[in-house]
Amino acid sequence: MARIRGRHAARRAATTAAGHRRRGGLRSARYRRALGGTAVAAVVMAALTASQAPGVELAGDGGADRPGSAGDRTPGDDDYATELPPLESPHPPGTSEPGGSENTSGIPASVLAGYQKAARSLASRTPGCGLRWELLAGIGKVESGHARGGAVDKDGTTLRPILGPVLNGNGFARIKDTDGGRWDSDTTYDRAVGPLQFIPSTWDRWGADGNGDGRKDPNNIHDAALAAGGYLCADGRDLSTGAGLDRAVLSYNNSSDYLRTVLAWFEYYRKGTHAVPDRDLSVLPTTPGVGESGSGSSPGAGRRGADSADPADDRPGKPNRPGEPSKPGKPDKPGDPDEPGDGDDGGGKPSPEPTGPHAIERVGAGKFTAVAGEDFTGHPVVRVETAKGKGVKGVEVRFEVRGETEAAFEGGARSATVTTDAQGDATAPALGAGGRTGDFTVRATVPGKKLGSVDFTASVTAPRADTLARTSDVALEAGKGGKFAEAVEVKATRKGKAVANTTLTATFGDEEEAGPYFGKDEQGTPIRRLADLKTGADGVVALPELFAGDRPGTYTLTLTAEGGAGVQVKVVVKG
C-alpha cells in the first residue's frame, strides 16, 4: 500500500508546483549532497517507491555503536519522516464510513494539548500571524511522529531525549558543539533535539516556556511547540495566506519535499482529528527510523548505500533543520547548506536574527485617569519587538482615541503617529481629558503590519474641589432665640478654578444639640446636618437660613466637599 500511494503521489507531484497544497509530492527522505544532476533523474522514480528513514534516534539506544544507527548514517542533513497521510479523508472515531482512517488522524492527547495551547497563546500575542495548531501538528508528525506517539510524562517532557544525527560533517553539516552537551549530550558536535527538532544554538535564541514551569526545555512538547510557533510567525509572517504559509514552512526546512509533506499533514488534520492515548504507536510515521526499536521500523532500516540517488537536487536549496530562521521568501542558495540553529549558514556568514517587527506590547500602566477639563498626567507607551523580544527602532505607531469622549491629543486630534525610539518604545503625546466624564480607549497599532493592537483604558472623572472658602469675611453672630442676618456661603475651587456641581455636606456635629440649626423637620426636630448640597456653575453654594438656638456660645460649622476639601466656619450665639 505504501508503494502504491508513493507512486500515486509522485505522479501528482509531476504536474504540481512546489508548495502547492495537494498531498501529492516526492516521498523525500534523506539524501547525499554529493550526488545530483542527471543521476537523480535516472533513479528518482525508483526511490519514490521506498520509505526512507528520517534518521532520528532515541538517546540511550547505543546509537553510534550500532551499525545503521544515526551516528554512522551517510545521508544529508534533512532527516524527516516522509510518510504521507492517507488519500482518504479522516472520519471521527467509531464511524463505519468507508475509507475512515481514525488511527492515522489521531494525535496523542498530551502532544495535541501542547500544539493547541501554543496556537492559542500565539493568537493573543501575535494575532496577525494566523498560526493554526494543525500546522504545528503537521511539523510534529514529520519531525518525531508526535514525540514518538506521545512518549511524554505528565508535564509533557519526552521520556527519553529525541536526538537527530551527529552533525560532524560526515554526510551532514559540520556544527561544532554550542551547548556544552547540555541538550544533546554531545560536547564535540551538535544534534537536533526534542519533538520539534531544534539545534541547541537555535533553541538558545528561540526557546520558550510553554507550560509555565520557569524552564525552557526543547524536550518538552509545550515549550517546543510554543518556540516553533514563534519561529514560524517571525518577521511578521501571515500564515493565513498561501505565500506566508509556504515561507514559514520553508524557513523551518528549506526543501520543497518537506514543504509538501508538512502541508499534506496540515490539510489532513484540518479535515478532522481526535486525541488518542499517549504512547499510541499507531500515530508514528511508518517510514523506517522513527519508530521505537522493535516496532517494525528500526532506526537503521533506512540506511542507503553509496550508490543511492539524491532527489534533493530539484529543491530550491539544501534543506534546513528546524530552528534556524531563514529570511521569509529567500531560501538559501543551492549548494549552501544551512543547518538551522548553528549560527552559520555553511558559508561563514552568521545566520540572521529576526529583526523585523513581530509584536507590539504594552509598556507600563494600562489604565489612566484624569479630571474633566485637565490633561492626563500619564502617557500610553508601547514597544515594537522582534520575535526574540528585542525593540525595533524607527517603526511608526498610531495611537487612536476611541469611544464617546471629548478627550483628544494636541489640537483636538483624535489620533497621533509616533516613531519608536532606540529601545523600540513609542510614547503617546499628551492627551487632554475634555469636559465629558466617562470611559474611553486609546488603541495603539502599527499601520501596515498585522501585529495586533494594544488598548489602554482611560477614565475622565468629574472635578473635585481642592479648596473650600467662605465668599464673605463678615462675622456670623446672632442673639439667643434669633436667626443670623447673613447666610453662610462657600465656593469650591480646583487649582483656582470654580468647580461646578460638586457635592458638599454641612454639620454642627452631634454634640451641638442645643446650638444653631437649619430650620426644623416635619416632627419639629432642629436640623443640624445637611447633605447633598450642590455648587452652581460658579462653584458657589449658599446654605439655608441659620437659626441661633437657645444656648449662647461659639460653635463650629464644618463644610466638606466630595474629594475631601473642607472649611470650618465660626458661628457665635450671644446671650
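Novice: An account of the packing of helix 4 (residues 109-125) against helix 7 (residues 221-232) is requested, with residue identities and associated values reported.
Specialist: The N-to-C vectors of helix 4 and helix 7 enclose an angle of 40 degrees; their axes lie 8 Å apart at closest approach. In this view, helix 4 runs oblique relative to helix 7, as classed from their interaxial angle. For the element pair helix 4 and helix 7, the recorded crossing hand is right-handed. Touching Ser110, Val111, Ala113, Gly114, Tyr115, Lys117, Ala118, Ser121, Leu122 and Arg125 of helix 4 are Ile221, His222, Ala225, Leu226, Gly229 and Gly230, all from helix 7.

Novice: Describe the packing of aromatic side chains, listing the residues and the values that go with them.
Specialist: Here the structure, examined in full by the defined rule, presents 11 aromatic pairs. Look at phenylalanine 198 and tyrosine 252: their rings are 6.3 Å apart centre to centre, the planes differ by 75 degrees, and that puts the pair in the edge-to-face class. Of this pair, phenylalanine 198 sits in the loop between strand 3 (162-163) and helix 6 (200-206) while tyrosine 252 is found in helix 8 (residues 242-252), placing the two residues 54 residues apart along the sequence. For the pair formed by phenylalanine 198 and tyrosine 252, the shared burial category is buried. For the ring pair tyrosine 231 and tyrosine 252, a centre distance of 5.5 Å and an interplane angle of 80 degrees mean the geometry is edge-to-face. One end of the pair, tyrosine 231, is in helix 7; the other, tyrosine 252, is in helix 8, with 21 residues separating them in the sequence.

Novice: Lay out unusual backbone geometry in plain terms, naming residues and giving numbers.
Specialist: A positive phi angle, near 60 degrees, is found at aspartate 235, a position not held by glycine. Mapped onto the elements of the fold, aspartate 235 is located in the loop between helix 7 and helix 8. Its identity is not glycine, yet asparagine 501 carries a phi of approximately 55 degrees, on the positive side. Here asparagine 501 is to be found in the loop between strand 18 (497-498) and strand 19 (503-507). Judged by relative accessible area, asparagine 501 falls into the exposed class, the value being 55%.

Novice: I'd like to hear about the pattern of salt bridges, residue by residue, with values.
Specialist: Under the definition given, this model contains 16 salt bridges. Where lysine 495 meets glutamate 374, a salt bridge forms, and the shortest distance between an N and an O atom there is 3.6 Å. Linking lysine 495 in the loop between strand 17 (489-494) and strand 18 with glutamate 374 in the loop between strand 6 (367-371) and strand 7 (381-385), this pair joins segments that are 121 residues apart in sequence. Here the residues in one salt-bridge network are Glu374, Arg494 and Lys495, joined through shared partners.

Analysis parameters
Residues numbered from 1 in each chain as written. Predicted model: local features only at pLDDT ≥ 70, side-chain atom pairs only at ≥ 80, totals over all residues. Heavy atoms only, no water. Axes fitted to C-alpha atoms, helices over the stretch in contact; angles between N-to-C directions. Helix = DSSP H or I, 4+ residues; strand = E, 2+ residues; numbered from the N terminus. Parallel < 35°, antiparallel > 145°, perpendicular 65-115°, else oblique. Left-handed = near helix turned anticlockwise from the far one by under 90°. Contact = heavy atoms within 4.5 Å. Phe/Tyr/Trp six-rings, centres within 6.5 Å; stacked < 30°, edge-to-face > 60°. Buried < 20%, exposed > 50% of the residue type's maximum accessible area, 1.4 Å probe, protein only. Salt bridge = Lys/Arg side-chain N within 4 Å of Asp/Glu carboxyl O.

Without other data, these values stay purely geometric and don't point to any function.
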